Amino acid sequence: MTDFAEIWSYLAQGPLLWLTATLAAYAVGDACFRASGRRPIVNPVLIAVLLLAALLWLSGTPYQTYFEGAQFVHFLLGPATVALALPLWDNLGHVRRAALPMLVALLAGSTVAVVSALGLAVAFGIDGEVLASIAPKSATAPVALGISDRLGGSPTLTAVLVILTGIIGAIFATPLLNALRIRDWRARGFATGVAAHGIGTARAFQVHPTAGAFAGLGMGLNAVLTAFLAPLLLGLFR
């Protein structure tokens, strides 16, 4: 047992261990997702997060140690977000025809996302650093972390909230939109991207390519608008 602890302590210092653990956890999550027939509730990101959280807890590994090893995955968030421009270009004609409704939906969705989060937080007596961390939770992770840091929030807490927002959106977007009888793939995708950023966009691509393209557009535009709205709206709640 002592030998195992010593070996684990040695391996935990290597960055490849946590990068490998991250990729393996997602592979397990994706396998479960496929085995379930791609049911939204069996979200691969959620499964990966739970597996990694259990591993960190059982091994007593601080999050900072994990992040130092897995930060390459974090770095890839930027290029992955930019790459979403490719399917968007393929649907440029659809975007032009729906430009005005999308702008209205974007303004409404971004505002509601920030105001609802801050309103609920204030109602529960939350303020200060935590309140600032909540404001950008619906923006994509690279942007949300930067906004949180500028507002005096905790980027680590914001990262957790961003992931939870994306997972919840990815799980409930499809059944909710079905229940509302929204059939337009442009509207479905755009709403999912605004509300659930990258994780929701990944789910939209699994459902339909047009929905995925518009989800990417919604995610990108929401990130830009949130960068302006979050500081303004946060000032109203402080």
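This structure is a prediction, so every number in the text was calculated from the model and none was measured.

Our next topic: the packing of aromatic side chains. As enumerated under the stated definition, the model contains one aromatic pair in all. An angle of 80° between the planes, with centres 5.9 Å apart, marks the rings of Trp18 and Tyr66 as edge-to-face. Highlighted residues: Trp18 in helix α2 (residues 15-35) and Tyr66 in helix α4 (residues 63-75), separated in sequence by 48 residues. A single burial state applies to Trp18 and to Tyr66, both of which are buried.

For the rest of this paragraph, the subject is the environment of Thr192. Positionally, Thr192 belongs in helix α12 (residues 185-207). Between the C-alpha atoms of Thr192 and Gln206, which are 14 residues apart in sequence, the distance is 12 Å. Setting aside residues no more than four positions away along its own chain, Thr192 makes contact with Ala173, Leu177, His197 and Gly200.

Moving on, we get to helix α11 (residues 155-179). Helix length check: α11, at 25 residues, gives a terminal C-alpha distance of 35 Å against a target of 36 Å (1.5 Å per residue), a fit within 8%. Of all the positions in α11, only Thr158, Val162, Thr165, Gly166, Ile167, Gly169, Ala170, Ile171, Ala173, Thr174 and Leu177 are classed as buried. On its buried face, α11 is in contact with α3 (44-59), α9 (128-134), α10 (141-151) and α12. Directly after α11, the chain includes Arg181, whose backbone phi takes a positive value near 60°.

Together, Val160, Leu164, Ile168 and Phe172 make up an exposed nonpolar region whose accessible area comes to about 380 Å². Take Val160: it is sitting in helix α11. Look at Val160 and you get partly exposed, because its relative accessible area is 43%.

How each quantity is defined
Residues numbered from 1 in each chain as written. Predicted model: local features only at pLDDT ≥ 70, side-chain atom pairs only at ≥ 80, totals over all residues. Heavy atoms only, no water. Phe/Tyr/Trp six-rings, centres within 6.5 Å; stacked < 30°, edge-to-face > 60°. Helix = DSSP H or I, 4+ residues; strand = E, 2+ residues; numbered from the N terminus. Buried < 20%, exposed > 50% of the residue type's maximum accessible area, 1.4 Å probe, protein only. Contact = heavy atoms within 4.5 Å. Expected span 1.5 Å × (residues − 1). Patch = residues over 30% accessible without salt bridge, like charges linked within 9 Å, V, L, I, M, F, W, Y side chains within 5 Å. Areas by Shrake-Rupley, 256 points an atom, 1.4 Å probe, with all protein chains shown as cover. Salt bridge = Lys/Arg side-chain N within 4 Å of Asp/Glu carboxyl O.

Nothing here speaks to function; it is geometry throughout.
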